[in-house]
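Residue-level structural notes
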Amino acid sequence: MLKCGIIGLPLSGKSTVFNVVTRAGAEVKAYASGKTDPNKAMVNVPDERFDHLVEFFEPKKITPATVEFVDLAGLSRNASKGEGVGNAFLSFVGESDALVHVVRLFENPDVPHPEDTVDPVRDWNIVEMELIFRDLAVIENRLSRLAAKKKNIPAETAEKDLLERCQTCLLEERPLRELGLSAEELRLLSGFAFVTLKPELLVANLDETQTDDSMPQLEALRRLAHEKQIRLVKIFGKMEMELAELPEEEQKEFMGELGIAESGRNRLISEAYALLGLISFFTTGKDEVKAWTLLGGETAVDAAGTIHSDLARGFIRAQVVSYVDFIAHDRSLAKCREKGVLRLEGKEYIVADGDMIEIRFNV
Ligand SMILES: Nc1nc2c(ncn2[C@@H]2O[C@H](COP(=O)(O)OP(=O)(O)OP(=O)(O)O)[C@@H](O)[C@H]2O)c(=O)[nH]1
Ligand SMILES: [Mg+2]
């Protein structure tokens, strides 16, 4: 199961954002909770195509794609040195596939700021440095073990070279994701669970009164996001959390009044899904309409294996039509076949986002 870990300084609004996304109703306090066991919840990935297919097929069962969100304790300065919730926190970060980094823009005299003032760029840097320190410590540990050996085998020498490159990058205060490592190098490093390799989404947590899109702190954050090539999402945390607790109808009404087109919830989930490089394919029918998740670049046989290992083992062909073509041809498979947009693909076919797939197999 894919996991998005929500990180940030204490009292930046992480649990609030978690509630916006998951509607799980996690506890939100005006003082740092310092708890180490994270809140977790699964969410359905919003997808209009999926909704449309459900409407059309009217299946007995509906199974949307899901992602898990994990709300972690606040990471403070010196966490990598074991202060605060330190190590427990960092091990949870290591288990996440992607990071949702919440920074505080909201002013709220009732909620203290661990650094006393609101300064999102500074806060982002504090957390980022802690993540860098964590990865550096892992590397130093491994390098000293390798150095302690009398003789390194060739694989260890290669590992050492790669780790030293990573170390240099981190010492320049750059995250490992900026190093542009090859798939092979990433595979070699996968056991270390480096946290600065994880894709990151930046969430600016605003108070509902901060509607000025050009406020200096938001601009500064935008520049940072641009420079670091991180996606930035704005959230009116407290207000959207309250909104998320209302029934769907009332939410729409409120959003209309506030001039928000898409809820922060939907935006955040979709962004996180895209951040993870995930795509969806669909299986459809009267029994069930289901959205399945693949990594971009995976093949028809991977798709088959996601559904059931038997389908991968006995794979013959995949019958594929894209959602867009299906809609364009009156939602008729017969018409799609006639026009040649319904295809039979082999094992190596790279699945595209929105493909509707039926696996032909024989076991
Ligand atoms: N005014 C305002 N207050 C907010 C906003 N977001 C969060 N808060 C308040 O800030 C306090 C902390 O919010 P949480 O979501 O618990 O923050 P957290 O980052 O999870 O805190 P820890 O888990 O203790 O590190 C709560 O009292 C929230 O109501 C916001 O957008 N506007
Ligand atoms: Mg919290």
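In this text the structure is predicted, and so the values were computed from the model without any measurement.

When its secondary structure is counted, the protein chain shows 14 helices and 12 strands. Taken against the 2.2 N^0.38 rule, which gives 21 Å for 363 residues, the C-alpha radius of gyration of the protein chain at 23 Å falls within 12% of a compact globule. Burial statistics for the protein chain: of 363 residues in total, 34% are counted as buried. Long-range pairs, those at least 24 residues apart, make up 71% of the contacts in the protein chain with a sequence separation of at least 6.

Here we take up the site of ligand 1. The environment of ligand 1 is formed by 23 residues, the closest being G13, S15, T16, G74 and G237. For the shell around ligand 1, the elements supplying multiple residues, two or more each, are α1 (14-22) and α8 (237-244). Per-element tally for the shell around ligand 1: the top contributor is α1, with 3 residues. In the shell around ligand 1, the residues fall into 9 nonpolar, 10 polar and 4 charged.

This next bit is on the pairing of strand β9 (residues 288-295). Strand direction decides the pairing type here: strand β3 (residues 61-63) and β9, joined by 3 bridges, are parallel. Residue T63 lies in a different strand from β9, and its bridge partner there is K290. Where strand β8 (residues 278-283) meets β9, 6 bridges bridge the pair, whose relative direction is antiparallel. The partner of L278 across the bridge, within β9, is L295. Linking β8 to β9, which pair antiparallel, is a turn of 4 residues.

The next subject is the sheet that holds strand β7 (residues 231-235). Read from one edge to the other, the open sheet built from 6 strands follows the order β2-β4-β1-β5-β6-β7, with strand pairing classed as mixed. Each edge of the sheet is formed by a strand with only one pairing partner; in this case those strands are β2 (39-44) and β7. Neighbour-to-neighbour, the strand axes of the sheet open up by a mean angle of 25°, direction not taken into account. As paired elements, β2 and strand β4 (residues 66-71) share 6 bridges and run antiparallel to each other. Paired with V43 across the bridge in β4 is V67. With respect to the sheet, α1 is in contact with β1 (3-7), β2, β4, β5 (98-104), β6 (200-205) and β7, its orientation differing from that of β4 by roughly 160°.

All right, on to the domain arrangement of the protein chain then. Interfaces are often sized by the accessible area lost when the parts come together. Segmenting the protein chain into domains produces domain 1 (3-275) and domain 2 (297-361). A straight line from the C-alpha centre of domain 1 to that of domain 2 covers 34 Å.

Moving on, we get to the sheet that holds strand β11 (residues 343-345). With mixed pairing, 6 strands are arranged side by side in an open sheet as β3-β9-β8-β12-β10-β11. Edge strands, defined here as strands with exactly one partner in the open sheet, are β3 and β11. Adjacent strand axes in the sheet meet at a mean angle of 35°, parallel and antiparallel pairs treated alike. Lying on the sheet, helix α11 (residues 300-307) is in contact with β8, β9, β10 (315-322), β11 and β12 (355-361); it crosses β9 at an angle near 125°.

Our focus in this paragraph is the environment of D287. Turning to its location among the elements, D287 is positioned in the loop between β8 and β9. Accessibility expressed as a C-beta count within 10 Å gives 11 for D287, which makes it exposed. Sequence-wise, D287 and P59 are 228 residues apart; in three dimensions their C-alpha atoms are separated by 5.0 Å. With near-sequence residues (within four places) excluded, D287 lies in contact with P59, K60 and K61.

Further remarks concern the packing of helix α4 (residues 120-148) against helix α5 (residues 154-171). α5 packs onto α4 with a crossing angle of 150° between their chain directions and a minimal axis gap of 10 Å. The angle between α4 and α5 places the two elements in the roughly antiparallel class. Handedness of the α4/α5 crossing: left-handed. Side by side, α4 and α5 meet where I132, D135, L136, I139, R142, L143 and L146 of the first sit next to E156, K160, L163, C166, Q167 and L170 of the second. Among the residues forming the contact of α4 with α5, the class breakdown is 8 nonpolar, 1 polar and 4 charged.

Note on placement: L221 falls in helix α7 (residues 216-228). Judged by local crowding, L221 falls into the buried class, with 22 C-beta atoms found within 10 Å. Between the C-alpha atoms of L221 and L275, which are 54 residues apart in sequence, the distance is 19 Å.

Calculation notes
Each chain has its residues counted from 1, running along the sequence as written. To read the labels, note that chains go from A and ligands from 1, taken in the order they are written. Totals for whole chains, interfaces and linings use every residue, but because this is a predicted model, local features are given only for residues with pLDDT of at least 70 and side-chain atom pairs only at 80 or more, for both listing and counting. A helix here means a DSSP run of H or I that spans at least four residues, while a strand means a run of E at least two residues long, and both kinds are numbered starting from the N terminus. What the globule rule says is 2.2 Å times the number of residues to the power 0.38, and the radius of gyration is computed from C-alpha atoms. Partly exposed residues are those whose C-beta has more than 12 but fewer than 20 other C-beta atoms within 10 Å; with 20 or more the residue is buried, with 12 or fewer it is exposed, and the C-beta atoms are placed from the backbone. A pair of residues counts as a contact when their C-beta atoms, built from backbone coordinates, are separated by no more than 7 Å. In this analysis a residue is considered near a molecule or strand if the C-beta atom, reconstructed from its backbone, is found within 6 Å of that molecule or strand. Under this grouping Gly is polar, as are all residues other than the nonpolar Ala, Val, Leu, Ile, Met, Phe, Trp, Tyr, Cys and Pro and the charged Asp, Glu, Lys and Arg. At least two bridges found by DSSP between two strands is the condition for calling them paired. Orientation is described by axes fitted as lines to C-alpha atoms, over the contacting stretch for helices, and by angles from 0 to 180 degrees between their N-to-C directions. Segmentation into domains, and thus their bounds, comes from an automatic or database assignment. Angular relationships are summarised with four words: roughly parallel below 35 degrees, roughly antiparallel beyond 145, roughly perpendicular across 65 to 115, and oblique for the angles in between. Crossing handedness is defined as follows: a turn of the near helix away from the far one that is anticlockwise and smaller than a right angle gives a left-handed crossing, while the clockwise case is right-handed.

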